[in-house]
Amino acid sequence: MRITAKLIDETTTALNLLLKFEHPADAVLSKFFRDNRLLGQNDRGFIAETAYAVLRRRRLLEHLLGKEANPRRLVLAALVKLSGVSQRQLEEVVNEKDLKWVAEFKGRPASDLSLAEQADIPDWLAERLLAQMAPPELLVLAQGLNQAAPLDLRVNPLKAEREAVLARLAGEGIGAEAGRLSPLAIRLKAKPALQKHPLYLDGTIEVQDEGSQLLGYLLAPKRGEMAADFCAGAGGKTLLMGALMRSTGRLYAFDVSEKRMARLKDRVARSGLSNVHPVTIANENDIRIKRLAGKIDRVLVDAPCSGLGTLRRNPDLKWRQTPEGVAELARKQHDILKGAARLVKPGGRLVYATCSILPEENEAIVAGFLAAHPDFKQVSAQEILAQQGIALACGETLRLAPHTHTTDGFFAAVLERHHLEGKP
């Protein structure tokens with residue numbers, strides 16, 4: 001597309017707002033676009049892609065820029081270093097001083113980078129990751145997290161077969177292929193706007209990362225069972241659980257946000273599910289939770305977390321998150337898992353999951369829970385997926401990462417409740 005002086009100015013303004021890190025980047029950009037309604041779709045795409053490129057590679061760019069690292073220079077640096085924009089393309093849209101600077105900047109070598117700068121992550125996060133992996137592995141992981149995420153869909157099996165959806169998309173000239181892991185996943189080759197597509201409007205397809213879809217298969221709820229999505233959020237996994245239950249039984253969707261529950265009701269209506277019951281709760285000890293203690297067959301806990309496995313689509317999280325924030329989240333995760341476990345009946349299954357790559361939010365939470373709850377035992381995630389025709393060599397615990405599975409970073413452990421000897 002043609003770059004204009006106004007477009008660079010608009011991108012600089014948007015980036016200046018993003019770099020305050022006061023709110024999630026997607027929310028900041030949404031508000032910016034609402035406030036600038038005359039921007040066309042291509043302009044919005046350019047602004048978002050350029051600003052997100054800066055967020056992804058901020059440490060590299062700031063290292064190269066030094067004291068010159070202001071929003072405008074960061075935009076120009078991202079365009080020439082990361083997006084392949086030539087000096088000639090900028091000749092008519094920047095002043096002579098900027099053009100001279102661009103010519104000089106293009107030749108700057110990226111030398112003397114620290115490991116954290118090479119990985120484009122904060123120092124504290126590099127230290128945490130180095131405790132569990134060697135520097136070369138960290139750099140490969142970071143490279144995966146610093147790529148833009150593809151657009152994944154999930155087919156609603158109550159409404160269509162995946163092959164039929166693929167055929168329809170192909171007929172419309174939308175490039176797509178079957179996902180490698182989830183039986184319901186479709187990966188698009190581009191990122192078309194789908195909110196007004198008939199398949200989206202009638203609930204045949206939903207946008208959902210392929211890795212996220214596997215959590216539903218780990219839980220594997222069956223027809224006629226009672227199940228619960230304990231931290232339902234936007235409800236993507238709730239809808240998958242309901243579909244796997246073939247809209248039978250009873251599926252509770254719990255969350256503390258009334259707004260999210262209201263939006264979920266619209267998605268449930270579109271999906272055609274009749275077994276979903278959204279419930280807004282105050283916390284994990286809500287009386288409505290206690291009434292269901294020991295009655296639920298399957299409980300999913302997709303716990304609130306640092307989100308560091310989703311940096312492909314939320315690159316601002318690595319700059320907004322802190323060690324103190326992670327420690328606070330770990331305390332919440334412990335309490336939430338403990339609260340959710342009360343729901344599980346003997347013989348029932350509990351899946352604990354996060355989209356984090358940090359052990360203190362994952363393995364440490366599960367280990368602490370199992371030590372305090374001898375009536376639960378961990379079972380093999382690999383075996384459960386294999387029973388459903390999903391061949392994934394993950395072992396006891398599911399760990400997904402962009403550089404190995406081309407998904408977001410996910411962690412999941414499957415826990416089952418059993419009777420203790422001498423107890424009813």
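Residues numbered from 1 in each chain as written. Predicted model: local features only at pLDDT ≥ 70, side-chain atom pairs only at ≥ 80, totals over all residues. Heavy atoms only, no water.

**A word on the overall build of the protein**
Turning to step 1, where the next piece is worked out: From N to C terminus, the protein includes 21 helices and twelve strands.
Turning to step 2, where the next piece is worked out: Projected onto the principal axes, the alpha-carbon positions of the protein cover approximately 80 × 50 × 40 Å.
Turning to step 3, where the next piece is worked out: Looking at the 424 residues of the protein, the share that counts as buried comes to 53%.
Turning to step 4, where the next piece is worked out: The contacts in the protein between residues at least 6 apart in sequence include a share of 72% that link residues at least 24 apart.
Turning to step 5, where the next piece is worked out: Within the structure as shown, the protein displays about 19400 Å² of accessible surface, and the carbon and sulfur contribution to it stands at 51%.
Turning to step 6, where the next piece is worked out: Positive and negative side-chain charges of the protein, numbering 60 and 51 respectively, have mean locations separated by a distance of 4 Å. (Helix = DSSP H or I, 4+ residues; strand = E, 2+ residues; numbered from the N terminus. Buried < 20%, exposed > 50% of the residue type's maximum accessible area, 1.4 Å probe, protein only. Contact = heavy atoms within 4.5 Å. Areas by Shrake-Rupley, 256 points an atom, 1.4 Å probe, with all protein chains shown as cover. Lys, Arg positive; Asp, Glu negative; His and termini not counted. Charge placed at Lys NZ, Arg CZ, Asp CG, Glu CD.)

**Quick notes on the packing of helix H4 (residues 58–65) against helix H5 (residues 71–81)**
Turning to step 1, where the next piece is worked out: The geometry of H4 relative to H5 is characterised by a closest axis approach of 10 Å and an angle of 105° between their N-to-C directions. When the axes of H4 and H5 are compared, the pair comes out roughly perpendicular. Contacts between H4 and H5 involve Leu61, Glu62, Leu64 and Leu65 from the former and Arg73, Leu74, Ala77, Ala78 and Lys81 from the latter.
Turning to step 2, where the next piece is worked out: Split by residue class, the contact of H4 with H5 holds six nonpolar, no polar and three charged. (Axes fitted to C-alpha atoms, helices over the stretch in contact; angles between N-to-C directions. Parallel < 35°, antiparallel > 145°, perpendicular 65-115°, else oblique. Nonpolar A, V, L, I, M, F, W, Y, C, P; charged D, E, K, R; others polar.)

**Brief notes about the pairing of strand S6 (residues 250–255)**
Two faces belong to every sheet, and in a regular strand the side chains alternate between them.
Turning to step 1, where the next piece is worked out: Of all six residues in S6, five are buried; the element is thus mostly enclosed.
Turning to step 2, where the next piece is worked out: Where strand S5 (residues 226–229) and S6 come together, four bridges link them in parallel fashion. Bridging across to S6, Met226 finds its partner in Arg250.
Turning to step 3, where the next piece is worked out: Crossover connection from S5 via helix H14 (residues 236–244) to parallel S6: handedness right-handed.
Turning to step 4, where the next piece is worked out: The sheet contact formed by S6 and strand S7 (residues 276–280) spans five bridges and is parallel. Pairing of Phe254 across the sheet is with Val279, part of S7. (Pairing = 2+ DSSP bridges. Right-handed = clockwise from strand over helix to strand, strands pointing away.)

**Overview of the sheet that holds strand S4 (residues 205–207)**
Within a sheet, adjacent strands bond to each other through the backbone by hydrogen bonds, running parallel or antiparallel.
Turning to step 1, where the next piece is worked out: As summarised here, the arrangement of the four strands in space is S2-S3-S1-S4, forming an open sheet in which the pairing is antiparallel. Only two strands of the sheet have a single neighbouring strand rather than two, namely strand S2 (176–178) and S4. Neighbouring strand axes in the sheet, compared pairwise and without regard to direction, differ in orientation by 30° on average.
Turning to step 2, where the next piece is worked out: Summarising the sheet, S2 and strand S3 (residues 185–188) pair through three bridges and their orientation is antiparallel. By the bridge assignment, Ala178 is partnered in S3 with Ile186.
Turning to step 3, where the next piece is worked out: Across the sheet, helix H11 (residues 162–171) touches strand S1 (151–155), S2, S3 and S4, and the angle it forms with S3 is around 20°.

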